[in-house]
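Reading the structure
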Amino acid sequence: MLSLKSGMILLIGLYVVLAAVAVGTEPMLPARVATHFSVSGVPDGWMSRRAQTISSLGVAAFLVLATSVPLYLARHFSDSTVNLPHREYWLAPERRDATFAHISGIGVMLACLSLVLMISLQILVVRANLRTPVRLPASEGFGLIVAFLAGVGAILFFGFRPFHHLPDTNRLTSAAPPSSLS
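The numbering scheme is per chain: residues are counted from 1 as the chain's sequence reads. With pLDDT at 70 or above as the cut-off, local features in this predicted model cover only qualifying residues; side-chain atom pairs require 80 or more to be listed or tallied, and sums for whole chains, interfaces and linings still use all residues. Hydrogens and water molecules were not included; the side-chain quantities draw on all heavy atoms of the structure.

By size, the foremost hydrophobic cluster in this structure holds 16 residues, and its most contacted members are Phe37, Leu136 and Ile155. Here a strand is any run of E in DSSP of at least two residues, a helix any run of H or I of at least four, and the numbering for each starts at the N terminus. Elements that contribute at least two residues to this core include exactly strand 1 (32-37), helix 4 (93-129) and helix 5 (138-160). At eight residues, the largest contribution of residues to this core is made by helix 4. Throughout, a residue-residue contact means that at least one pair of heavy atoms, one from each residue, lies within 4.5 Å. Sequence-distant contacts of isoleucine 155, that is, excluding residues within four places in its chain, are made with Ile106, Met109, Leu110, Leu113 and Phe160. Put simply, buried Ala, Val, Leu, Ile, Met, Phe, Trp, Tyr and Cys residues joined by side-chain atoms within 4.5 Å make one nonpolar core. Residue exposure (1.4 Å probe, protein chains only): buried if accessible area is under 20% of the type maximum, exposed if over 50%, otherwise partly exposed.

See the structure below:
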């Protein structure tokens, strides 16, 4: 799991990549950019180049905040509001910090995946707008969504999996959290 420091560095790096792609490709786009597409790939929503760039960066910032901040702030909630298997064990004072560091890492990974999605969407929108006629191949859009959802599922499954099992207390020599949560 990512530490908060390395996760923040990765998040900033991915956001810089998104900004570079969005700003760098803006001049390539027509004045009126197709930004939303039907299931068949036909454009059905439009905005100006500048609005598309600002929208892309704004939505990305919102997704980062929406995916990472709640999981980081969970440490400040009452333990009774935290829904974890074996909650009493994982939120015991000697394991609480490691548990919430792990949960925060899950949030950072979800935020990073959201930024990868936004970078990919930006590239797809540019490619679609450079076609004549403007069209987004359905396979590309669906493939991206499937990959994103698979990534979210994997992060959640593997991120929360350690909480479903209690370590063998006969093998533990200290009250430190298991290495999978440090």
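We are not done yet, so read on.
Let us now look at the side chain of threonine 99. Among the structural elements, threonine 99 can be located in helix 4. Residue classification places threonine 99 among the buried residues on the basis of a relative accessible area of 0%.

Note on method: axes are straight lines fitted to C-alpha atoms, helices fitted across the in-contact stretch only, with angles between N-to-C directions ranging 0 to 180 degrees. For the pair helix 4 and helix 5, interaxial distance at closest approach is 10 Å and the crossing angle is 175 degrees. Here helix 4 is positioned roughly antiparallel relative to helix 5, judged by the angle of their axes. Here His102, Ile103, Ile106, Met109, Leu110, Leu113, Ser114, Leu117, Ser120, Leu121, Leu124 and Arg127 of helix 4 come into contact with helix 5, specifically with Glu140, Gly141, Leu144, Phe148, Gly151, Val152, Ile155, Leu156, Gly159 and Phe160. Here is the rule for angles: anything less than 35 degrees is roughly parallel, anything more than 145 is roughly antiparallel, 65 through 115 is roughly perpendicular, and the remaining ranges are oblique.

With that out of the way, let us pick up the packing of helix 2 (residues 49-73) against helix 4. The contact between helix 2 and helix 4 brings their axes to 7 Å, and the two run at 165 degrees. In terms of their interaxial angle, helix 2 and helix 4 are classed as roughly antiparallel. Crossing handedness for the pair helix 2 and helix 4: right-handed. Listed contacts from helix 4 to Gln52, Ser56, Val59, Ala60, Leu63, Val64, Thr67, Ser68, Leu71 and Tyr72 of helix 2 are Ile103, Ser104, Ile106, Gly107, Val108, Leu110, Ala111, Ser114, Leu115, Met118, Gln122 and Val125. Three classes are used, and their members are as follows: Ala, Val, Leu, Ile, Met, Phe, Trp, Tyr, Cys and Pro are nonpolar, Asp, Glu, Lys and Arg are charged, and the others, Gly among them, are polar. Here the contact of helix 2 with helix 4 is built from residues that sort into 14 nonpolar, eight polar and no charged. If you view the pair so one helix is near and one far, a crossing is left-handed when the near helix is turned anticlockwise from the far one by less than a right angle, and right-handed when it is turned clockwise.

With that out of the way, let us pick up the pattern of salt bridges. For this document, the term salt bridge refers to a Lys or Arg side-chain nitrogen within 4 Å of an Asp or Glu carboxyl oxygen. On inspection of all chains with the given rule, the structure shows five salt bridges. Of the charged contacts, one joins arginine 95 and glutamate 94 as a salt bridge, the two residues approaching to 3.3 Å between their closest N and O atoms. With a relative accessible area of 42%, glutamate 94 lands in the partly exposed category. With a shortest N-O distance of 3.0 Å, glutamate 140 and arginine 127 are connected by a salt bridge. Of this pair, glutamate 140 sits in helix 5 while arginine 127 sits in helix 4, and the two are 13 residues apart along the sequence. Taking relative accessible area as the criterion, glutamate 140 reaches 23% and is therefore assigned partly exposed.

Quick look at the pairing of strand 2 (residues 43-48) now. DSSP-based pairing: two strands are paired if at least 2 bridges between them are found. Here five bridges tie strand 1 to strand 2, and the two strands are oriented antiparallel to one another. Bridge pairing links histidine 36 to glycine 45 in strand 2. The hairpin turn running from strand 1 into strand 2, its antiparallel successor, is five residues long, and glycine 41 in that turn takes a positive phi close to 95 degrees.

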